[in-house]
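Commentary on secondary and tertiary structure
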Amino acid sequence: MMKDTVMLQIRYALYILLMCSGFMNSYAQTFPYTGAMKVTGDFTTNTCKVSTRVNGANSSLTIIIPPVTDTDLNQGDGFSPLAASARTFSIAVSECQGNNYKVNVFFDVSSNLVDNRGHLKNTTSAGSNAVLQILNESNNPVLLTPVSNQGTSSSTYTNVQTGYEPRTVNTGEIAEFVFKVRYSRPETGNATPGRVTAVLPFYLNYQ
Amino acid sequence: MNSNLANKRFYFSLLSVVMNLLVATSLYAQTTNNSASITFDGQVNSGTCSIQFSDSAETGNVNQTFNIYMGTIPRSMFTAANSRGVNKYFTLRLNNCSAALPANTTKVRVSITPQGGTLTSDGKIPNSFNNGGGTNKMMLEFVNDLGNPINLNSTDENSTSTLPSIPVTNGSGSRRYNFRYFTAEGIAPNENKFESNLTVTVSVN
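Note that the structure is a prediction, hence the values are computed from the model and not measured.

Okay, the state of the cysteines next. Scanning the model with the defined rule gives two disulfides over all chains in all. Here cysteine 48 of chain A is linked by a disulfide to cysteine 96 of chain A, with a sulfur-sulfur distance of 2.0 Å. Linking cysteine 48 of chain A and cysteine 96 of chain A, the disulfide has an S-S dihedral of approximately 115 degrees and is accordingly described as right-handed. Taken together, the positions of cysteine 48 of chain A in the loop between strand S1 (33-44) and strand S2 (49-54) and cysteine 96 of chain A in the loop between strand S4 (87-94) and strand S5 (101-107) put the pair 48 residues apart, joining distant regions of the chain. You can call cysteine 48 of chain A buried: its relative accessible area is 8%. Paired by a disulfide, cysteine 49 of chain B and cysteine 97 of chain B hold their sulfur atoms 2.1 Å apart. Residues cysteine 49 of chain B and cysteine 97 of chain B are joined by a disulfide whose S-S torsion is about 85 degrees; by sign, that bridge is right-handed.

What follows is the structure in structure tokens.
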């Protein structure tokens, strides 16, 4: 009987000690810690194909925007209505030869192409003084404003973000970055009639 | 009789556990009475000390290998000398480590070294994947908060070229570490893969 009792208490004691030992280790760790990190990547001779699309079909780089009247533009919020006169277009990435391409689109404008509000200026001389606003698929304006350079006090119009996160494109897949463009009144005064043309440089970054 | 025996066993066991934990005395110590007082001595800590890596896609413990895949990138991005890729990042996070750190620790140092290799003289990480006699021109370059290159060889805490410490408050803290591809000469002709196994050390000083 005495032997049984002793054995029992040994079992209890060992059990509790083991539990405590585990608990102690869980917080009483020592520094320095060492951990492992593995970085891998692939380089390929292939690039993906970039195309512009309107209404889902490949289109030339020139996008025709439906006309608007100066009367309509000069009332309300000063923008042409999204439903009636905005043009939806997309920058599509396709024909990647391989998998795991991670791509994103950036606008790459310059000060002579945009106004202070981040809208595209009209490049047609003697045309309308209206400007063009770019929006993303969620109808959020993409402001073409200077981006500060890391580590410096300067800023440039390159690397203007579009509001899209990078997208992974694999073989046979297409990633479309969808945008809209519409007219806007100029910064001051009313819009005048005339032709409106503008240029929007962009580039594709592989990440 | 059975009840008394059970009580004895119960008290006996509890007492034995406490004595073993606190004074490491013999397992065979016995009480001579049916009652005794038991003293408990414990402490509630703030939680389990952990160090974790994380990025937008993955999380992992520092004791495991944390994998970061840089993706598939056209070689044409790196044909020019001094080409750099887009910043990637990971975050190192300390949680509830006050018990494991000296009192009033305000920061911990972080160092990163290649396993089985060496850093370049300017503190970058060479490509350890040697493809067909490739010349390992592609490297990883860590970048400070100002966007400037970090020299991983540097240990001067006051230099912006040194990999920054993780600020710690009450045993917890985190910092994001940015890095990117860099090639001084342009990518090697046969280089089609990047691979580097790194050791990350987190130390008090």
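Next comes the rest of the write-up.
The next subject is the sheet that holds S2 of chain A. Residues and elements named next belong to chain A. With antiparallel pairing, the five strands of this open sheet are ordered in space as S3-S2-S4-S11-S6. Whereas interior strands pair on both sides, the edge strands pair on one side only; in this sheet they are strand S3 (57-59) and strand S6 (131-136). Taken over all neighbouring pairs, the strand axes of this sheet differ in orientation by 40 degrees on average, direction set aside. Across six bridges, the pairing between S6 and strand S11 (residues 175-184) is antiparallel. When the sheet's bridge partners are listed, leucine 135 is paired in S11 with lysine 180.

So, about the pairing of strand S1 (residues 50-54) of chain B. Residues and elements named next belong to chain B. Within S1, four of the five residues are buried, which leaves the element mostly enclosed by the surrounding structure. Pairing analysis gives five bridges linking S1 to strand S5 (residues 88-95), with the strands arranged antiparallel. Counterpart to isoleucine 51 in the pairing with S5 is leucine 94.

Mean pLDDT for chain B: 78, with 72% of residues reaching 70 or above. This model gives residues 14-32 of chain B a pLDDT under 50, and the stretch forms 33 contacts once residues within four places in sequence are excluded.

What follows is about the packing of aromatic side chains. Overall, the coordinates contain 18 aromatic pairs over all chains when judged by the stated rule. Judged by centre distance (6.1 Å) and plane angle (65 degrees), the rings of tyrosine 101 of chain A and tyrosine 206 of chain A are edge-to-face. Here tyrosine 206 of chain A lies in strand S12 (residues 202-206) and tyrosine 101 of chain A lies in strand S5, a separation of 105 residues in the sequence. Classification of tyrosine 206 of chain A as buried rests on a relative accessible area of 7%. Between the aromatic rings of phenylalanine 66 of chain B and phenylalanine 90 of chain B, the centroid separation amounts to 6.5 Å while the plane-to-plane angle is 65 degrees, which identifies the pairing as edge-to-face. A residue pair is termed long-range when its members are at least 10 positions apart, and phenylalanine 66 of chain B in strand S3 (residues 65-74) and phenylalanine 90 of chain B in strand S5 qualify at 24 residues. Of the two residues examined, phenylalanine 66 of chain B and phenylalanine 90 of chain B, each falls in the buried class. Here the aromatic cluster, defined as three or more aromatic residues joined through ring pairs, consists of Phe53, Phe66, Phe90, Phe142, Tyr177 and Phe179 of chain B. The aromatic ring of phenylalanine 177 of chain A is capped on one face by arginine 167 of chain A, whose charged end is 4.8 Å from the ring centroid. Lysine 124 of chain B extends its terminal NZ or CZ atom over the ring of phenylalanine 182 of chain B, reaching a point 4.7 Å from the ring centre.

With that settled, the discussion passes to the pattern of salt bridges. This structure, assessed with the given rule, holds ten salt bridges over all chains. A salt bridge links glutamate 95 of chain A to lysine 49 of chain A, with the shortest nitrogen-to-oxygen separation between them at 3.7 Å. With glutamate 95 of chain A in the loop between S4 and S5 and lysine 49 of chain A in strand S2, the pair connects residues that are 46 residues apart, well separated along the chain. In this structure, glutamate 157 of chain B engages arginine 109 of chain B in a salt bridge whose closest nitrogen and oxygen atoms are separated by 3.6 Å. Taken as a pair, glutamate 157 of chain B in the loop between strand S8 (139-143) and strand S9 (166-167) and arginine 109 of chain B in strand S6 (residues 107-114) lie far apart in primary sequence, 48 residues in all. With a relative accessible area of 17%, arginine 109 of chain B lands in the buried category. Taken together, the shared-partner salt bridges connect Arg84, Lys124, Glu141 and Arg180 of chain B into one network.

Okay, unusual backbone geometry next. Even without being glycine, asparagine 139 of chain A reaches a positive phi, approximately 65 degrees. Within the secondary structure, asparagine 139 of chain A sits in the loop between S6 and strand S7 (147-148). Judged by relative accessible area, which is 32%, asparagine 139 of chain A ranks as partly exposed. Of note in this structure, asparagine 96 of chain B is not a glycine but carries a positive phi near 55 degrees. For asparagine 96 of chain B, a relative accessible area of 27% corresponds to the partly exposed category.

Criteria and cut-off values
- Residues numbered from 1 in each chain as written.
- Chains lettered and ligands numbered in written order.
- Predicted model: local features only at pLDDT ≥ 70, side-chain atom pairs only at ≥ 80, totals over all residues.
- Heavy atoms only, no water.
- Disulfide = S-S within 2.5 Å.
- Helix = DSSP H or I, 4+ residues; strand = E, 2+ residues; numbered from the N terminus.
- Buried < 20%, exposed > 50% of the residue type's maximum accessible area, 1.4 Å probe, protein only.
- Pairing = 2+ DSSP bridges.
- Axes fitted to C-alpha atoms, helices over the stretch in contact; angles between N-to-C directions.
- pLDDT = per-residue confidence, 0-100.
- Contact = heavy atoms within 4.5 Å.
- Phe/Tyr/Trp six-rings, centres within 6.5 Å; stacked < 30°, edge-to-face > 60°.
- Lys NZ or Arg CZ within 6 Å of the ring centre and 35° of its normal.
- Salt bridge = Lys/Arg side-chain N within 4 Å of Asp/Glu carboxyl O.

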